[in-house]
Amino acid sequence: MIPKQYSEHAYNNKSDVLKVLANCALRIHDNTSISVKKVIKYVKQKKKKNQMERYSVLLISVLFFSFSLGTTSIDPGKFLQCLKLQSKTGFIPVYTPTSSRFSSIWQSTVHNIRFITSTTPKPEFIILPSNESHVQASVICSKQHGILMKIRSGGHDYQGLSSISDVPFLILDLSNLRSISVDAKTAWVQSGALLGELYYRIAEKSKTLAFPAGVCPTVGAGGSFSGGGYGTLLRKYGLAADNVIDAQIIDVNGRILDRESMGENLFWAIRGGAPGSFVVVLSWEIRLVDVPPTVTVFRIEKMLRDDPGFTSLVHRWQEVAHNLPQELLIRAAIALVGTEERRTIKASFISLFLGDSNKLLTVMKQGFPELGLESKDCTKMSWIRSVLWYAGMPDNGTLNDLLNRTQSKRFAKGKSDYVKTPIPVVALEGAWKLLMKEVRPVMTMHPFGGRMDEIAETEIPYPHRNGTLFQIQYLTIWTEQGSEESERHINWMRKYYEYMGTYVSKTPREAYIGYRDIDLGVSKNGTANSLQGSAWGSKYFKSNYKRLVQVKRKVDPENFFRNEQSIPSN
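Here the structure is a predicted model, which is why all the values come from computation and not from measurement.

### Here we look at the environment of Val289
Argument step 1. Turning to its location among the elements, Val289 is positioned in strand β11 (residues 289-290).
Argument step 2. For Val289, a relative accessible area of 4% translates into the label buried.
Argument step 3. Linking Val289 and Lys185, residues 104 residues apart in sequence, is a C-alpha distance of 7.4 Å.
Argument step 4. If sequence neighbours within four positions are ignored, Val289 has contacts with Thr208, Leu209, Ala210, Phe211, Pro212, Leu233, Tyr237 and Asn243.

### Thoughts on the nonpolar core
Argument step 1. Judged by nonpolar contacts, the single largest core of 125 residues is most densely connected at Phe225, Ile270, Ile286 and Trp432.
Argument step 2. Sorting elements by how many residues they give to this core places strand β13 (residues 328-337) first, with 7 residues.
Argument step 3. In contact with Phe225, not counting residues within four places along its chain, are Leu195, Leu198, Phe211, Ala213, Ala240, Ala241, Val244, Ile270, Arg271, Gly272, Trp284 and Ile286.

### Comments concerning the layout of surface pockets
Argument step 1. Considering only enclosed or pocket space, the second largest pocket measures out at about 790 Å³ in volume.
Argument step 2. In terms of lining, the second largest pocket is formed by 28 residues, of which the most central are Arg114, Phe115, Thr120, Gln159 and Ile164.
Argument step 3. Elements that contribute at least two residues to the lining of the second largest pocket include exactly β16 (411-419) and α17 (483-500).
Argument step 4. Counting residues per element, the lining of the second largest pocket draws most heavily on α17, which supplies 5 residues.
Argument step 5. By residue class, the composition of the lining of the second largest pocket is 9 nonpolar, 11 polar and 8 charged.

### Focus on the state of the cysteines
Argument step 1. Taken as a whole and judged by the stated rule, the model has 1 disulfide.
Argument step 2. Here Cys82 is linked by a disulfide to Cys141, with a sulfur-sulfur distance of 2.1 Å. On the sign convention where negative means left-handed, the S-S torsion of about -90° between Cys82 and Cys141 marks this disulfide as left-handed. You can see Cys82 sitting in helix α4 (residues 76-86) and its partner Cys141 sitting in helix α6 (residues 132-145), a full 59 residues away along the chain. Summarising the burial analysis for this pair, Cys82 and Cys141 share the class buried.

### Focus: the packing of aromatic side chains
Argument step 1. All told, the structure shown has 22 aromatic pairs when counted by the stated rule.
Argument step 2. Note on Tyr230 and Tyr515: the rings are 6.3 Å apart at their centroids and 75° apart in plane angle, and the pair reads as edge-to-face. Of the two residues, Tyr230 sits in the loop between α8 (221-227) and α9 (234-237) while Tyr515 sits in the loop between α17 and α18 (530-541), which places them 285 residues apart along the sequence.
Argument step 3. Measuring from ring centre to ring centre gives 5.1 Å for Trp492 and Tyr496, while their planes differ by 15°; the resulting arrangement is stacked.

### A closer look at the confidence of the model for the protein
Argument step 1. Residue-level pLDDT values for the protein average 88, and 87% of them are 70 or greater.
Argument step 2. In the model, residues 1-72 has pLDDT below 50 throughout and makes 76 contacts with residues more than four positions away in sequence or in other chains.

### Focus: the pairing of strand β12 (residues 295-303)
Argument step 1. Pairing between β12 and strand β15 (residues 379-381): 3 bridges, direction antiparallel. In the sheet register, Val295 faces β15, and the bridge partner there is Met381.
Argument step 2. Taken together, the 8 bridges between β12 and strand β14 (residues 344-353) define a ladder with antiparallel strand orientation. The residue of β14 that forms the bridge with Lys302 is Ala347.

### A word on empty space enclosed by the protein
Argument step 1. All chains considered together, the criterion is met by 4 cavities of 30 Å³ or more.
Argument step 2. Considered as a void within the structure, the largest cavity measures approximately 110 Å³ in volume.
Argument step 3. If you go around the largest cavity, you meet 14 residues; those closest to its centre are Gly214, Val215, Thr232, Trp383 and Val387.
Argument step 4. By residue number, the principal contributor to the lining of the largest cavity is helix α14 (residues 383-390), which donates 4 residues.
Argument step 5. In terms of residue class, the lining of the largest cavity is built from 10 nonpolar, 4 polar and no charged.
Argument step 6. Taken together, His111, Asn112, His156, Asp157, Tyr158, Arg410, Ala412, Lys413, Gly414 and Leu475 make up the full set of residues lining the second largest cavity.
Argument step 7. Sorting elements by how many residues they give to the lining of the second largest cavity places β16 first, with 3 residues.
Argument step 8. Of the residues that constitute the lining of the second largest cavity, the class distribution is 3 nonpolar, 4 polar and 3 charged.

### Some points on the packing of α18 against helix α19 (residues 544-555)
Argument step 1. The contact between α18 and α19 brings their axes to 8 Å, and the two run at 125°. When the interaxial angle is binned, α18 and α19 end up oblique. The hand of the α18/α19 crossing is right-handed. For the pair α18 and α19, the contacting residues are Ser530, Gly533, Ser534, Gly537, Ser538 and Phe541 in the first and Asn544, Tyr545, Leu548, Val549 and Arg553 in the second.
Argument step 2. For the contact of α18 with α19, the per-class residue count stands at 4 nonpolar, 6 polar and 1 charged.

### Thoughts on the pattern of salt bridges
Argument step 1. Enumeration over the complete set of coordinates arrives at 30 salt bridges.
Argument step 2. Across the pair Asp519 and Lys413 runs a salt bridge whose closest N-O atoms are separated by 3.6 Å. On the criterion of sequence distance, the pair formed by Asp519 in the loop between α17 and α18 and Lys413 in strand β16 is long-range, its members being 106 residues apart.
Argument step 3. Given a relative accessible area of 3%, Lys413 falls into the buried group.

What counts, and at which threshold
- Residues numbered from 1 in each chain as written.
- Predicted model: local features only at pLDDT ≥ 70, side-chain atom pairs only at ≥ 80, totals over all residues.
- Heavy atoms only, no water.
- Helix = DSSP H or I, 4+ residues; strand = E, 2+ residues; numbered from the N terminus.
- Buried < 20%, exposed > 50% of the residue type's maximum accessible area, 1.4 Å probe, protein only.
- Contact = heavy atoms within 4.5 Å.
- Core = buried A, V, L, I, M, F, W, Y, C linked by side-chain atoms within 4.5 Å.
- 1 Å grid on protein atoms, 1.4 Å probe; cavity = no way out; pocket = protein on both sides within 12 Å on 5 of 7 lines; lining within 4 Å.
- Points joined across faces, edges and corners; volume = space filled by probe spheres on them.
- Nonpolar A, V, L, I, M, F, W, Y, C, P; charged D, E, K, R; others polar.
- Disulfide = S-S within 2.5 Å.
- Phe/Tyr/Trp six-rings, centres within 6.5 Å; stacked < 30°, edge-to-face > 60°.
- pLDDT = per-residue confidence, 0-100.
- Pairing = 2+ DSSP bridges.
- Axes fitted to C-alpha atoms, helices over the stretch in contact; angles between N-to-C directions.
- Parallel < 35°, antiparallel > 145°, perpendicular 65-115°, else oblique.
- Left-handed = near helix turned anticlockwise from the far one by under 90°.
- Salt bridge = Lys/Arg side-chain N within 4 Å of Asp/Glu carboxyl O.

So this is what it looks like as structure tokens:
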């Protein structure tokens, strides 16, 4: 649309037209999209027809010159030829909007279907590399031709930033790079592998080894490790990124580097720093962790309408969950359930204990007797079976279910918070009332403490450590299509988030980069400076943000690797 500051003036001569076009050119160069037809129509409204005709050629010429400043004119033939020349192994799978498989590939790993509508801007190319040479060629040619590269592994990005853009772009889809090699106590995992695949391959080798990553099997290793990655083993072993010991990357110059050759500053940044900001990570070497042959799980559910002590129990969970032994994790998931006439709030206390049920019962009797855990509530199983159980898979499911790469699709909006002091009972009661106004809201509270208290905030970019009682994931899900429906649910989420602001971390109000939220701030085409980027960077990374900017300036000074919430280079 025409910038507002240019809409209040009449253009009386050639000089006036030049001025507004120059201003428009600057706006386009700053990545604000302006339609040529709209500009022509607008000037027509301001000038008589004969005067417009005198300036029409000038108008169009200047505007097209402006577009050449703001967005690179992409020659598909030259770009594809570049890929062919740069690849050391010949053919690179590349799909354009005219390819028969383009739409299915573009949509295949987009979890949030808000971002795959018919009007969503689509990439110029989708590249599906099958080896490191393909990735090298993609980086080199994208840089040479000035096309924005979005890097995608699992596609669970809450804001779809790995799959969409409002300027010409391509997707480097790493889903074919998913090999996993498990050794005695370590493994190499390519970024396109899904967490379910990783857990399956570990279980093939050992019944007493595991890895502390996320709960959802279809999350990509690349995105998870790049953002931190947390799950049921967090209180015992920390984050996925805490257990990365090496990596193989491709930098902005197309070089393949490992931990030694990239240097410790860059290695620090890629473990929990902003995904897609520094390099393409091909693969990760991870440290596997020990688990007992038998673990114990339980799920206890309480209903607000049936239990007068419901809110007090949730409040008590806040006080004790982070102080329980490291081997025990109890999540509290709050959701709205029931029919419209019988709606109520349900709290699900979902646990994994690295030990047998007898010991668990003793621990719970001492640390959280209010929950009323009994032996009949406990189920013993192997750690790998607990992965299936915690992911909500059927009881009769097999380990092969972890290899299923098919993702569920949904409309959703998510946010996150970190809590330093227990939320008061009266505040929780207010939260329940707000939840009752939405259709399918979920608030999942994940306890910290344990190992998370022992790791310094500066060890890796992820800073939410000692003093954090628990992390909250807010999510609202809907099925209705249309922008009005989406806006309605998003507005509800924003109001709920505003309400919770009084009771969570402050200065800054912290957030998890793994649940990216553009409400915190957004950079048009990734061009924000470090001051502008601190709007979201300080929330995701606290004081570590400044070091991330320093690393970015050194390894990618021209800001090639970027997205709407990437780390700035200036």
